[in-house]
Amino acid sequence: MIDRVNIQAFIYTKVPKTAFLLLQRVTSRGGFWQPVSGGIQNNEQPIHAIRREINEETGITEILKIIDLNYSVTFGTSKNNIPMKMKDICFGVEVVDIPTIRLSEEHDIYKWCSMDEVLTHLDWEHNQTAFKKLCSMIGLSM
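A few points on the structure. On a predicted model such as this, the values are computed, not experimentally measured, just so you know.

### Quick notes on the overall build of the protein chain
- Tallying secondary structure elements over the protein chain gives three helices and seven strands in all.
- When its helices and strands are written in sequence order, the protein chain yields β-β-β-β-α-β-β-β-α-α.
- Reported as C-alpha extents along the three principal axes, the dimensions of the protein chain are approximately 45 × 30 × 30 Å.
- Long-range contacts, defined as pairs at least 24 residues apart, comprise 69% of the intrachain contacts of the protein chain with a sequence gap of at least 6.

What follows is the structure, encoded as structure tokens:
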């Protein structure tokens, strides 16, 4: 049984050049780099969770396109010292250009990265796999 379903949303722009947004979690929450991510609330559709989490974590409200990466991963973790089984459903989200970012209390740093930079910042293989799928789907070769 899955205890929690999450979305992951790799935000990117093609203007003025292709760049991807990564957020660094505050140290008390792991200090790692990640795309926008968060839990799907009761009866919420993934598309609504994507828009809500992007707004909550970055302040971005204008989205050009959402791409279903047809990739999800199930894994075990611990939240508040309670073992949980989680499922992440992964998406790409295009924005028109590089918008102003307003971080939530979950993150303390953000960075617009090149494709190569993203791969050096992501710790988990499933994040890297989702990111590579996005790059392939938008016509970028690794």
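### Looking at the pairing of strand 2 (residues 19-25)
- In terms of residue burial, strand 2 counts as a mostly covered element, since seven of its seven residues are buried.
- Both faces of strand 2 are covered, namely the face carrying Ala-19, Leu-21, Leu-23 and Arg-25 and the face carrying Phe-20, Leu-22 and Gln-24.
- Sheet analysis places strand 1 (residues 4-13) next to strand 2, joined by three bridges and oriented antiparallel. Paired with Tyr-12 across the bridge in strand 2 is Phe-20.
- What sits between strand 1 and strand 2 in their antiparallel hairpin is a turn of five residues.

### Focus: the side chain of Asn-127
- Secondary-structure assignment places Asn-127 in helix 3 (residues 125-137).
- Dropping the residues within four chain positions of it, Asn-127 is found in contact with Gln-8, Phe-10, Pro-35 and Leu-122.

### Structural notes on the pattern of salt bridges
- Enumeration according to the criterion identifies seven salt bridges in this entry.
- With a shortest N-O distance of 2.8 Å, Glu-44 and Arg-52 are connected by a salt bridge. As far as the burial class goes, Glu-44 and Arg-52 line up, both buried.
- The residue Glu-56 makes a salt bridge to Arg-52 at a minimum N-O spacing of 3.3 Å. Of this pair, Glu-56 and Arg-52 both sit in helix 1 (residues 46-58), four residues apart, which is roughly one turn of the helix.
- In the salt-bridge network here, residues are joined through shared partners; they are Glu-44, Arg-52, Glu-53 and Glu-56.

### As for helix 1
- With 13 residues, helix 1 extends 18 Å between its outermost C-alpha atoms, agreeing within 8% with the 18 Å of an ideal straight helix rising 1.5 Å per residue.
- Taken together, the buried positions of helix 1 are occupied by Ala-49, Ile-50, Arg-52, Glu-53, Ile-54, Glu-57 and Thr-58.
- Buried residues along helix 1 sit in contact with strand 1, strand 2, strand 4 (36-39), strand 5 (65-79), strand 6 (82-94) and strand 7 (107-113).
- Directly after helix 1, the chain includes Gly-59, whose backbone phi takes a positive value near 85 degrees.

### Describing unusual backbone geometry
- The omega angle of the peptide bond from Val-15 to Pro-16 is 0 degrees, so this bond is cis rather than trans.
- A positive phi angle, near 60 degrees, is found at Asn-43, a position not held by glycine.
- Along the chain, Asn-43 turns up in the loop between strand 4 and helix 1.
- One non-glycine residue, Asn-70, lies in the positive phi region at around 50 degrees.
- As for its placement among the helices and strands, Asn-70 is situated in strand 5.

Cut-offs and rules
Residues numbered from 1 in each chain as written. Predicted model: local features only at pLDDT ≥ 70, side-chain atom pairs only at ≥ 80, totals over all residues. Heavy atoms only, no water. Helix = DSSP H or I, 4+ residues; strand = E, 2+ residues; numbered from the N terminus. Contact = heavy atoms within 4.5 Å. Buried < 20%, exposed > 50% of the residue type's maximum accessible area, 1.4 Å probe, protein only. Pairing = 2+ DSSP bridges. Salt bridge = Lys/Arg side-chain N within 4 Å of Asp/Glu carboxyl O. Expected span 1.5 Å × (residues − 1).

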